[in-house]
Each structure stands twice: as structure tokens, then as C-alpha cells.
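What follows is each chain in one-letter form.
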Number of protein chains: 2
Amino acid sequence: MSNNVIYAQAGGVTSVINVSAYALFQMIKKYPTIFGKTYAALNGIAGVLEENLVDIDLIADNQLAKLKYLPGAAFDACRFDLDSLEHNPAQYIRVLEVFKAYDIGYFFYNGGNGSMVTAKKVADYCCQQGHKVICVGVAKTIDNDLAISHCSPGFGSAAKYIATSLAQASLDIKSMHKTSTKFLVMETMGRDTGWLALSGGLVKHFLPDIPLMVLPAESPFKQASFLTKVKQLIAEAGYCVCVASEGIKDEQGEYLSFKSIEYTTEKNYYQLGGAGNALANLISDKLKVKTHAIIPDYLQRSATHLVSKTDWDIAYQAGEASVLASMNNGHGTLPIIEKIKDSPFQWQFKNVDLITVASMDKTVPDEFINIQDYAITQQAVDYLLPLIQGQVKPPYKNGILDLTPLNIKTVEKTLTA
Amino acid sequence: MSNNVIYAQAGGVTSVINVSAYALFQMIKKYPTIFGKTYAALNGIAGVLEENLVDIDLIADNQLAKLKYLPGAAFDACRFDLDSLEHNPAQYIRVLEVFKAYDIGYFFYNGGNGSMVTAKKVADYCCQQGHKVICVGVAKTIDNDLAISHCSPGFGSAAKYIATSLAQASLDIKSMHKTSTKFLVMETMGRDTGWLALSGGLVKHFLPDIPLMVLPAESPFKQASFLTKVKQLIAEAGYCVCVASEGIKDEQGEYLSFKSIEYTTEKNYYQLGGAGNALANLISDKLKVKTHAIIPDYLQRSATHLVSKTDWDIAYQAGEASVLASMNNGHGTLPIIEKIKDSPFQWQFKNVDLITVASMDKTVPDEFINIQDYAITQQAVDYLLPLIQGQVKPPYKNGILDLTPLNIKTVEKTLTA
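A quick note: this is a predicted structure, and the numbers were derived from the prediction, not measured.

1. A closer look at the overall build of chain A
Move 1: Tallying secondary structure elements over chain A gives 14 helices and 18 strands in all.
Move 2: Relative to a compact globule of 417 residues, whose C-alpha radius of gyration would be 22 Å, chain A shows 23 Å and is just as compact.
Move 3: Put simply, of all contacts in chain A between residues at least 6 apart along the chain, 75% involve residues at least 24 apart.

2. Section: the sheet that holds strand β7 (residues 183-188) of chain B
All names here are of chain B.
Move 1: Ordered in space as β8-β9-β7-β12, the four strands form an open sheet in which the pairing is parallel. Edge positions in the sheet fall to β8 (212-215) and β12 (291-294), since each of these pairs with one other strand and no more. Each strand of the sheet is rotated relative to its neighbour by a mean of 15°, with strand direction disregarded.
Move 2: The strands touched by helix α6 (residues 155-176) are β7, β9 (240-245) and β12; relative to β7, the strand with the most contacts, the crossing angle is about 170°.

3. A few points about the domain arrangement of chain A
Residue and element names in this part refer to chain A.
Move 1: Domain boundaries assigned for chain A yield domain 1 (4-143 + 306-359 + 393-401) and domain 2 (155-300 + 365-388).
Move 2: Taking only C-alpha atoms, the centre of domain 1 and the centre of domain 2 are 33 Å apart.
Move 3: On the domain 2 side, the residues contacting the 15 residues of domain 1 number 18 residues.

4. Focus on the interface of chain B and chain A
Move 1: Taken together, the 68 residues of chain B in the interface contact 67 residues of chain A.
Move 2: Taken together, the elements giving at least two residues each to the side of chain B that touches chain A come down to β4 (77-78), α6, α10 (275-287), β12, α11 (299-302) and β18 (400-401) of chain B.
Move 3: With 13 residues, the top contributor of residues to the side of chain B that touches chain A is α6 of chain B.
Move 4: Grouping the amino acids of the side of chain B that touches chain A by side-chain chemistry returns 31 nonpolar, 24 polar and 13 charged.

5. Quick notes on the environment of Ala 123 of chain A
Residue and element names in this part refer to chain A.
Move 1: Summarising the element assignment, Ala 123 is placed in helix α5 (residues 113-128).
Move 2: Take Ala 123: there are 26 C-beta atoms within 10 Å of it, and that puts it in the buried class.
Move 3: In the structure, Ala 123 is positioned 16 residues away from Phe 107 in sequence and 7.7 Å away in space, judged by C-alpha atoms.
Move 4: Sequence-distant contacts of Ala 123, that is, excluding residues within four places in its chain, are made with Phe 107, Val 133, Ile 134, Cys 135 and His 331.

6. Focus on the relation of the copies chain B and chain A
Move 1: Once turned by 180° and shifted 0.0 Å along the axis, chain B lies on chain A with an RMSD of 0.0 Å. When the rotation and shift are considered jointly, the pair of chain copies conforms to a two-fold rotation axis. It is Ile 295 of chain B whose C-alpha, among those of chain B, lies nearest the rotation axis, at 2.4 Å.
Move 2: Most of the interface of chain B is mirrored in chain A, where 99% of its interface residues are also at the interface.

7. A few points about the pairing of β9 of chain B
All names here are of chain B.
Move 1: Counting buried positions along β9 gives six out of six residues, so the element sits mostly inside the fold.
Move 2: The alternating pattern of β9 places Cys 240, Cys 242 and Ala 244 and Val 241, Val 243 and Ser 245 on opposite faces, both of which are buried.
Move 3: Pairing analysis gives six bridges linking β7 to β9, with the strands arranged parallel. Its bridge partner being in β9, Leu 184 is matched across the sheet by Val 241.
Move 4: Relative to β9, β8 is paired through four bridges, and the arrangement is parallel. Its bridge partner lying in β9, Leu 212 is registered against Val 241.
Move 5: Regarding topology, helix α9 (residues 223-237) serves as the crossover connection from β8 to the parallel β9, and that connection is right-handed.

8. Examining the packing of α6 of chain B against helix α12 (residues 309-327) of chain B
Residue and element names in this part refer to chain B.
Move 1: For the pair α6 and α12, interaxial distance at closest approach is 7 Å and the crossing angle is 160°. Classified by the interaxial angle, the pair formed by α6 and α12 is roughly antiparallel. Our pair here, α6 against α12, has a crossing hand that is left-handed. Within the contact between the two elements, α6 uses Phe 155, Gly 156 and Ser 157 and α12 uses Thr 310, Asp 311 and Ile 314.
Move 2: Looking at the contact of α6 with α12, its residues break down into two nonpolar, three polar and one charged.

9. Description of helix α4 (residues 89-101) of chain B
Move 1: Between its first and last C-alpha, α4 of chain B extends 18 Å over 13 residues, near the 18 Å set by a 1.5 Å rise per residue.
Move 2: Downstream of α4 of chain B by a residue or two, Asp 103 of chain B has a phi angle that is positive, lying close to 55°.

10. Looking at unusual backbone geometry
Move 1: Omega for the peptide link from Ser 343 of chain A to Pro 344 of chain A comes to 0°, which places this bond in the cis form.
Move 2: Along the chain, Pro 344 of chain A turns up in the loop between β13 (333-341) and β14 (346-353).
Move 3: Backbone geometry at Asp 76 of chain A places phi at a positive 65°, although glycine is not the residue there.
Move 4: Of note, Asp 76 of chain A is situated in the loop between α3 (61-64) and β4 (77-78).
Move 5: One non-glycine residue, Lys 288 of chain B, lies in the positive phi region at around 55°.

11. Considering the environment of Gln 63 of chain B
Residues and elements named next belong to chain B.
Move 1: Topologically, Gln 63 is positioned in helix α3 (residues 61-64).
Move 2: Taking the C-alpha atoms as reference points, Gln 63 and Thr 404, 341 residues apart in sequence, are found 9.8 Å from one another.
Move 3: In this structure Gln 63 touches Leu 406 and Asn 407, once residues within four positions along its chain are discounted.

12. Topic: the environment of Ala 10 of chain B
Residues and elements named next belong to chain B.
Move 1: Summarising the element assignment, Ala 10 is placed in strand β1 (residues 4-10).
Move 2: It is 13 Å that separates the C-alpha atoms of Ala 10 and Ile 142, two residues lying 132 residues apart in sequence.
Move 3: Residues within four places of Ala 10 in sequence aside, it is in contact with Gly 44, Ile 45, Ala 77, Cys 78, Tyr 109, Gly 111, Gly 112 and Ser 115.

13. Some words on the sheet that holds strand β8 (residues 212-215) of chain A
All names here are of chain A.
Move 1: Taken in spatial order, the four strands of this open sheet run β8-β9-β7-β12, and their pairing is parallel. A strand with exactly one partner marks an edge of an open sheet, and here the two such strands are β8 and β12 (291-294). Sheet twist, expressed as the mean angle between neighbouring strand axes with direction ignored, is 15°.
Move 2: Its contacts with the sheet put helix α6 (residues 155-176) on β7 (183-188), β9 (240-245) and β12, and the angle it makes with β7 is roughly 170°.

14. Some points on the nonpolar core
Move 1: Counting 299 residues, the largest nonpolar core has Leu 198 of chain A together with Leu 198 of chain B as its most contacted members.
Move 2: What Leu 198 of chain A contacts, discounting residues up to four positions off in sequence, is Val 214, Pro 216, Val 364, Phe 368, Ile 369, Ile 376, Ala 380 and Leu 384 of chain A.

Calculation notes
Residues numbered from 1 in each chain as written. Chains lettered and ligands numbered in written order. Predicted model: local features only at pLDDT ≥ 70, side-chain atom pairs only at ≥ 80, totals over all residues. Helix = DSSP H or I, 4+ residues; strand = E, 2+ residues; numbered from the N terminus. Rg over C-alpha atoms; globule rule 2.2 N^0.38 Å. Contact = placed C-beta atoms within 7 Å. Pairing = 2+ DSSP bridges. Axes fitted to C-alpha atoms, helices over the stretch in contact; angles between N-to-C directions. Domains from an automatic or database assignment. Nonpolar A, V, L, I, M, F, W, Y, C, P; charged D, E, K, R; others polar. Buried ≥ 20, exposed ≤ 12 C-beta atoms within 10 Å, placed from the backbone. Least-squares fit on C-alpha atoms with pLDDT ≥ 70 in both. Right-handed = clockwise from strand over helix to strand, strands pointing away. Parallel < 35°, antiparallel > 145°, perpendicular 65-115°, else oblique. Left-handed = near helix turned anticlockwise from the far one by under 90°. Expected span 1.5 Å × (residues − 1). Core = buried A, V, L, I, M, F, W, Y, C linked by C-beta atoms within 7 Å.

Right, dumping it as C-alpha cells:
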């Protein structure tokens, strides 16, 4: 059986996705009798199609170690999936050609649900054609919407970023509201799920006096109730802090705000990112007070200086667990996180069926949010707190984090394009 | 002569304003024969008018030490100045009454230019009425527009935050642009000056491959040239990263975007904060590509987890220098920063006339920016780099920074309101 490896990244990045890559490479090196050479495909599955492959074994250890603290996707992450086999068999034939040429027996895909499923289908196709490829997923998403799993690698760090940043900004408005801003809103990522808005709710746990409102994507936005609550908090405390998912919708199911149709190779869909400004403008207009909107956008998924050590460990182990799964009949599986103990928080990895987990999603449960009070519950606090614990200390260089990318070169192409 | 002290904070906060307060309190304690009791007025000069005073001597040392890492203004910061003496003598009479009641001989004002001048005028009035008060300013502003001074306490940390965050976000878009976002813009604070946008230009120093454009408030926005450059960078590199001051104006001197008229006790003026979205929308509309806008807003002035040690030291010494000035005929002065050596960067404090410095401002000099290329020059890099050096390590508690505010109580009021 072929025993070379391809690893690839796809979909929205997390601040610890490269940690999983690092751990995966390290783990593979521990089993030289099982695995052959390791390649990374640049830009996900697109890098396989285009034969844009990096020979990981040629990268020096001190270079590879940069992956532990590097934002973005070190090997580029596509938002691109193959078509279905029926519609575009040429893509599958091409992947098979590349896998054969490079003697690939293992395919690790560090992507979103959809793209991991596609990766698995590609591997299935290769097997049907007589070239056995074991495909294993590596979990990651800041959105925390991965079903069955206790949490997603990447979420804890984004949650820590949101909670810390919102707490700092809350002390800012608190100290200035008497003669200045009365309403501050932070917009978090989360198209359909409110996990990151929920993590902003931790501010109330750390700073109980902050008049805070949490609007996760799951709760329909009710303008009258919202205005009443903001007005009440400004009357009582002098100001109001709000954290809202980009994906909040009104009672008719319409996004509160959208910016424009995306012009990308992705399917057209509404690009979100206007909910924070929409809320700030609403309050300016209706309550005639000064407002501010914070849109961290990419910062919440690339802030490698403010990573949760717990999340970093989970991302590291996600990489390791995928390698272990690949050696244990793990084709078509995804190692997910299972909580085994509450205090101190302990977890283990468990291999589940990729197709099953990809067909489900995980929204914020009702018991985590008190809709009436726009507050998160103690259960939510108990769930979130363990995930943001601990700090990672990335190296600094000349005043900012050492963010110098890896020095990587693609192998010389041997196939026709 | 009266020898009690009042310290107060006013105007937009910095992530190190409380460091100056801490240093000032510590310095005062070193001269018990000169200074009597120390009070902090809550909410700037408003706290004096309303007799909202905190007895600093009653706060335990371990509580006071929190000031070293606390965001916001620990003693609240007003955006409020007294009227002129002619228009509202009652305010001045009231301040004198409070100063007399509390035996105040020293007034330290940690505020913007305008409010420090007002503080000085109040002290002058008290002197004319036979109650001698020495008023000294304590410099602070993230905008770096303080004239004569080499830099402003607070700027280096905001610059470090912007440079670090933009570098991280740049690696994010770099790794995903092929099938996703092509244009990313970060909006920095700076109504009239572009120092913080300039600091975003450091990304090019750390990551030379990033296709970066810098738009400081000083350079008129020229839409045609801007679009041409963005198009060129997207054609060459596949994407474009942009950092722009909130206060950029077109060639007619109109702000590129404004949100709404402020409804505050402040004078009405355009509240900025829409330039980033305006640029992102422009690019979406004209170039039909996916865009993202990052609006750090308050985060750039409250991120106490990402402070420059150099700036922290400068802020600390600004507090100390003000106390020293007050003992050396410093009434009406402001200690500013004078560079004495380039490499390694060394500085000293120098007392200048408050009224003089307040009547000037400091914009980004022409030689710091290459308008044609939307780039910062080596001179700008040489100026900026020393200011962002070094890290401060604030304590964490249960996953986020320990942001518990000081436990402060105001003294019992003795005067009629």
C-alpha cells in the first residue's frame, strides 16, 4: 500500500489551525515504518489538483516549529470544494493521478464539515479505482458549530479574544460614558450560531457591574424589546454594552443587516458583517445617544498573541488524534472532543463518522441563554470558562509577534497541468 | 501654602493612562514633607465641581498596583471643559470653594490639550483669589498629536496593537484570498492625524510581501488613484490590505464617511467611524470582489494585554515628571518627551509651557509618507519601531486579564451641592 501523506487546510482559519498541522507532522515522524514522505498541499484540495505540494520533510525543525504560533493558514486555505463525481469526474481522475504519482496513502483534511466530506469522497473514489487512500479529518472552526464534539479546536481562543477584548472595551466606555458614548456594540463572527457572542457574555462573569446585553444568532431580534432594554440599562447604569452575532435575524428571519452579495468563486450568498453598525445606528437614531461599534472581524480568528492554552492543547491533540485514527481503521472518521471530567476540565478524542457529524450542526442550547434578560446563564459560563484557560507565550521580534512565515517551496511538478 | 493634591483624568483614554496615575501617586509618597493628602477627582474636573473625590491614601498598595495594568480611566474621564471665566464665573468660584475646603495646593490634570489648559486657567483663578494652586499637566493621547513632544504616552501601545493586529489579519487574508476575500481594510482612530494609520504601515516592514496601502488622515483621498492602486495590487498579489485613518477626507475636504451627529453634552460634531466600511463598500461596488473591514475602535486604546513596554515606561515617567515639575516652579507646564539618543532609543522629560503646546498640533510629516505609493518611508519606520518595543506582562485570572477595578469610595461630601 502507498504510504505517503498529504495534509491540507481549507475554510476559515483559526488562530491555532497551524498548531494542528505541527502536531500532525510531529506525530507522523514517530511512525517511520508506517508513513513515508509527508506533503502539504497548498490551498487545500486545489493544491492537489494543481500539484502544488510542499515536501514537509525538507523543512528544518526550527522552521516547522513556527507553526505553533503562526496566524492564518500556513499552507493556504481554500474556500473551494470539488464538484460531485457525476458532474465533474475529471477532478476526481486528476486527484487520483496526483495521489498515484506521489504514492499517497493518507490524506488529512483540516477543513470545515463540507470540505472534509468532499475529501473523504475523493479518497473513496481512489479506493474504488484500486488505489487505497485513508482519509481522516482534522477538526477546526472558531464557530464551535461542530456537532457531537464538546467544542471545536479554535473556538476557545476566539472566545478568549472576544471576552478579553470586550471586557477591556467595557472598562473604556464605563469610564467615559458620563459625558460621551452611551452604547457600545461588538459584532462577533457566527452566521448561524451564537457561540462567540455567547463568549462575550463572560464579561458579566468577570465584571458583574457592566450593563451587558448578549444577542446570539439563535435568538430572533425583536426591535421593541431591544430598545426597551437598552433604554433601561442607560437609565440605570448610564450606558449599555452589547455583543451580537453577525448573523442575527429579525422575527421574519431576515438578516438585520447585510453588506453586499459576495463576488467570489464561492456560491453567492449574503456577506454578513453589518449587524454591529446596524445596531449602533439604530440606537443613535432612536435614543439620540452617542454610539460606538467594534468589528474585530479577522482579529478574532488570527490573534495568536491571545490564544487559550487549553484550546492550543486541544488543537495540538486534534492533529495527533488524526494520525492515530489513520492507523486504526480510521478512514472516513473525524476525531472529536469528548469531555470526561468537569473540574478540572479533562477531555479525550473519539473517532466519529465524518459524514454523520458533517450532516449535523450545533447551535447554542436554550439553557445557555436567558432571552428575556439578554444574558447568558451559569450553565453557559460553566461551559465556556474551561475553554479559555491558560496562556501561550509566542516569541516577539522587534516589537511585534514573530510572524515571519515558513520558508516553503513547492516540489517541481512532474505531471501535465 | 496648601499642600494637598488632586489628580484627575479627562478625554479619550489610553491603555497606559492609569500607569501615569500610579507613578504619580508613588512619586508623591516620596516627598511627605512637600505633599499632604492625595485625592483623585472622579470624572475629571466634573468631579471637582461635584466634590466626588477619592482619598488615595486610603487605598491599599496592592489595590493601587492594579493601576499598572487596568484599561479605561480608573477615575473616569470626562469629555467636558469648564466654560470661560467670563461666561460662567460660578464654576470657577465652585472649584475654588472645593480647593479651599480640601486644602488643595496641587492640581494634576491627565487630559487632552484643551482640558489641561482649562485646568491651568482654574488654577490661575485660584491664585488670583489668594489661594495658590500649582497646576501641572500629565500628557496622554493615542493620537500622538501632542506638539513639541517626541511622542505621546499611550501612542506606542496603540501603535503596537495596530501593527500586531494588522500583521495577523494580513496573514489571514494572505492564506485565504485565492478563493475568498481580496480586499481587507483596517480603520484606525485619528480624526485629524494619521499616526495610527502610519503605524499600520509597519506591517510592510515585518512582512515585506504583504500588498499594503496606508491612508493617513493628512493625505487627501483620491478615489481614482486609490482604485487604480487596489486593482494593481489585486492583479499582482491576488489581494490588497489597507489601513486608513477614520478621518480621511476627499479632495474637497469632506470626510469620506460619517455616521451621525453626536448627541452628547459635547459640542456637536461629526462622529467618525465609517471610513473603513466606506472603503470596503467602494471596492465591493467598483471591483466586484469580496471585502472585509476591521474596526478595532476602543480596542486600540484599551488593549492592556498588548502594551509596549517602552510606552509603559514613558507613561510611568510622565506621571513622575509631573510631580517633579510641580516642585520646581512648574505651574502651567507639561512635561513632554525629548529624544536624546537614537539607538538604543533614549529620552528624557522636559517641562514646556502648557498653553504653548496646547495651541499647536503635530501631524504626520511629509517625509514619513510616500503618497504616490501609499507607503510609509524608512524614516517613519525608524521613528515608529522604538516606540513599540518590549512587552508588559499583566496578570491573568481565570482565563482573561485580571481587570477587576479598584475598590474605591468617594469621601463624604462636606459642601452644599
